[in-house]
Amino acid sequence: MTLQAIELWRGAIDLVSPFRTSFGTDTARELLYVHAIGDKNSGWGECVAGVEPNYSSEYLENCQEVVKRFLVPMLRSDSTAQSFVASVASIRGNYMSKACVEVALLDLQLRDQNTSLAKFLGATQTKVRSGVSVGIQNTLDDLIRVVGEYIAQGYVRVKLKIEPGTDIELVRTVRKEFGDDLLLQVDANAAYTVADAKHLQQLDAFNLLLIEQPLPEDDLAGHVELSRAIKTPVCLDESVTSLDTARGALDLKACSVINIKPGRVGGYLEAKKIHDLCLDRGVPVWCGGMLETGIGRAANLALAALPGFTLPGDISASARYFARDITTPFVLDQGQIAVPNTVGIGVAPLPEMLAGFKKVATFEVAKR
Ligand code: NPQ
Ligand code: MG
């Protein structure tokens, strides 16, 4: 592979409905794409950061700056995703920035090698079960209607966003309305403190698959304490930023399930390592979502096809979020989504969609 240039593209796609979490409400997905151009092929990567540093400390403008100022300068014409990850180890944090460059390089090099990301990562499934993340609604009636629509569409698992003040009753209502067989879990996006342990104990009555990230990302000790206090399995999302934090959290018993998001851990190579660790230890994992468009969604499908992904993830159909996706849309087929099996991530932006985006930078890559 000969890497020639990196382009950065910016744009936005409206969400079909506002998405509210304990940290904020979004009505559109602002986007940063990385386009890695080689001598034969090109590859695409999507940055998962949001506009504001509220899910984590990373945010889109900062990612664009980090990519431009620190990551692109480390690239040479003979760079690979693997050599890139090794060389950027000296740059702390900035996982989402690293991940979007890494996957663009992976897409490019796998296209050159005529192989798919799924095959490269070790996928064992050709389709994956699809779950849906349901934002906080204005009323319980709205919530029941929305959840009912998703179930009717075939989603096999429902995740409810919760926050203090809208949690126990909400879960009780959904459980009652849709029955005991519904695979149901909740996500607090770090909205509680360990002092809420008794309160969260009430969730034990509803046979939830798990509670995701109840406490702040740095509060591993709090998650240990909470895990002991409640029966509902604790799953970490924001806290897990690397293989090391994953191993630490498991060793400490801060969680018994892990949500793997490649963007949050610096890329697909690190995500695979976390998967391998969890598979080895018998810890169930599932693939999270960051309101990705087709570029990020395609790559996540490849990862979610690995054998350790035993729980349905947040990889929904494109239509869950977007009336028009940047790629050919991903669709639900009996509650499942097909894993791309053509070269690289298997998709690329549709020209007519990319026409609504702006190329904001082009960097020539130094020869070696
Ligand atoms: C989670 N995602 O699991 C995240 C949170 C999230 C599907 O629930 C812009 C960028 C908006 C990132 C909204 C889901 C976002 C975002 C929510 C991430 O915690
Ligand atoms: Mg989460």
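What you are looking at is a predicted structure, and each value in this text was computed from that prediction instead of being measured.

Reading the values: the criteria
- Residues numbered from 1 in each chain as written.
- Chains lettered and ligands numbered in written order.
- Predicted model: local features only at pLDDT ≥ 70, side-chain atom pairs only at ≥ 80, totals over all residues.
- Heavy atoms only, no water.
- Near = heavy atom within 4 Å.
- Polar contact = N/O pair within 3.5 Å; in protein donor to acceptor, adjacent residues only side chain to side chain.
- Areas by Shrake-Rupley, 256 points an atom, 1.4 Å probe, with all protein chains shown as cover.
- Helix = DSSP H or I, 4+ residues; strand = E, 2+ residues; numbered from the N terminus.
- Nonpolar A, V, L, I, M, F, W, Y, C, P; charged D, E, K, R; others polar.
- Domains from an automatic or database assignment.
- Buried area = accessible area lost by both parts, 1.4 Å probe.
- Salt bridge = Lys/Arg side-chain N within 4 Å of Asp/Glu carboxyl O.
- Phe/Tyr/Trp six-rings, centres within 6.5 Å; stacked < 30°, edge-to-face > 60°.
- Buried < 20%, exposed > 50% of the residue type's maximum accessible area, 1.4 Å probe, protein only.
- 1 Å grid on protein atoms, 1.4 Å probe; cavity = no way out; pocket = protein on both sides within 12 Å on 5 of 7 lines; lining within 4 Å.
- Points joined across faces, edges and corners; volume = space filled by probe spheres on them.
- Donors = N, O, S within 2.8 Å, 3.2 Å for Na, K, Ca; no water.
- Pairing = 2+ DSSP bridges.

## Looking at the site of ligand 1
Part 1: Ser133, Lys159, Lys161, Asn189 and Gly289 are the nearest of the 20 residues found near ligand 1.
Part 2: Side-chain polar atom of Lys159 to an oxygen atom of ligand 1: 2.9 Å apart, as the coordinates give it.
Part 3: A distance of 2.9 Å is found between an oxygen atom of ligand 1 and a side-chain nitrogen or oxygen belonging to Lys161.
Part 4: Burial of ligand 1 by the protein chains amounts to 98% of its free accessible area of 440 Å².
Part 5: Only strand 1 (3-21), strand 2 (24-38) and strand 6 (157-161) provide two or more residues apiece to the shell around ligand 1.
Part 6: Residue composition of the shell around ligand 1, grouped by class: seven nonpolar, five polar and eight charged.
Part 7: For the shell around ligand 1, the two domains that each supply at least three residues are domain 1 (3-114 + 349-364) and domain 2 (118-338).

## Some words on the domain arrangement of the chain
Part 1: The domains assigned to the chain are domain 1 (3-114 + 349-364) and domain 2 (118-338).
Part 2: Taken over C-alpha atoms, the centre of domain 1 sits 23 Å from the centre of domain 2.
Part 3: Contact with domain 2 buries surface across domain 1, with Phe19, Arg20 and Tyr55 losing the most and accounting together for 22% of the total.
Part 4: Counting every contact that joins domain 1 to domain 2 gives one salt bridge.
Part 5: One salt bridge connects Glu163 with Arg20, and the closest N-O pair in it is separated by 2.9 Å.
Part 6: Linking domain 1 to domain 2 there are 16 residue pairs in polar contact (both at pLDDT 80 or more).
Part 7: When contributions to the side of domain 1 that touches domain 2 are tallied by element, the ones reaching two or more residues are strand 1, strand 2, strand 3 (42-46), helix 2 (81-87), helix 3 (95-112) and helix 12 (351-354).
Part 8: Top element by residues in the side of domain 1 that touches domain 2 is helix 3. It accounts for eight residues.

## Description of the packing of aromatic side chains
Part 1: One pass over the structure, following the stated rule, counts seven aromatic pairs.
Part 2: Centre to centre, the rings of Tyr33 and Trp44 are 6.2 Å apart; their planes meet at 90°, and the pair counts as edge-to-face. With a gap of 11 residues between them, Tyr33 in strand 2 and Trp44 in strand 3 connect regions that are remote in the sequence.
Part 3: For Tyr33, a relative accessible area of 0% corresponds to the buried category.
Part 4: Between Tyr33 and Phe357, the ring centres sit 5.5 Å apart and the planes meet at 25°, which makes this aromatic pair stacked.

## A short note on empty space enclosed by the protein
Part 1: Within the structure shown, the criterion is met by one cavity of 30 Å³ or more.
Part 2: Estimates place the volume of the largest cavity at around 100 Å³.
Part 3: Lining the largest cavity are 15 residues, with Glu46, Val48, Val103, Tyr268 and Gly296 sitting closest to its centre.
Part 4: Every element with two or more residues in the lining of the largest cavity is listed here: strand 3, helix 3 and helix 11 (294-304).
Part 5: A class-by-class count of the residues in the lining of the largest cavity yields nine nonpolar, four polar and two charged.
Part 6: Summarising the domain contributions, the lining of the largest cavity has at least three residues from each of domain 1 (3-114 + 349-364) and domain 2 (118-338).

## As for the coordination of the magnesium ion (ligand 2)
Octahedral metals with six donors have ideal donor angles of 90 or 180 degrees. Tetrahedral metals with four donors have an ideal donor angle of 109.5 degrees.
Part 1: Coordination of the magnesium ion (ligand 2) by the protein comes from Asp187 (OD), Glu212 (OE) and Asp237 (OD), over a distance range of 2.1 to 2.3 Å.
Part 2: When the donor residues of the magnesium ion (ligand 2) are listed from N- to C-terminus, their spacing reads D-x24-E-x24-D. With Glu212 in strand 8 (residues 211-212) and Asp237 in the loop between strand 9 (234-236) and helix 9 (243-252), this pair connects stretches of sequence that are 25 residues apart.
Part 3: Judged by its relative accessible area of 0%, Asp237 falls in the buried class.

## Focus: the sheet that holds strand 5 (residues 131-134)
For sheets, the rule is that strands pair by backbone hydrogen bonds, running either parallel or antiparallel.
Part 1: Ordered in space as 5-6-7-8-9-10-11, the seven strands form an open sheet in which the pairing is parallel. The open sheet has two edge strands, strand 5 and strand 11 (285-287), and neither has a second partner.
Part 2: Here two bridges tie strand 7 (residues 183-187) to strand 8, and the two strands are oriented parallel to one another. Paired with Val186 across the strands is Ile211, a residue of strand 8.

## A few points about unusual backbone geometry
Part 1: Here the phi dihedral of Ala190 falls at roughly 70°; this positive angle occurs in a residue that is not glycine.
Part 2: Here Ala190 lies in the loop between strand 7 and helix 7 (197-201).
Part 3: Overall, Ala190 belongs to the partly exposed group, its relative accessible area being 25%.
Part 4: Phi is positive for Gln213, close to 40°, though the residue is something other than glycine.
Part 5: Examined against the element boundaries, Gln213 turns out to sit in the loop between strand 8 and helix 8 (220-229).
Part 6: For Gln213, a relative accessible area of 0% translates into the label buried.

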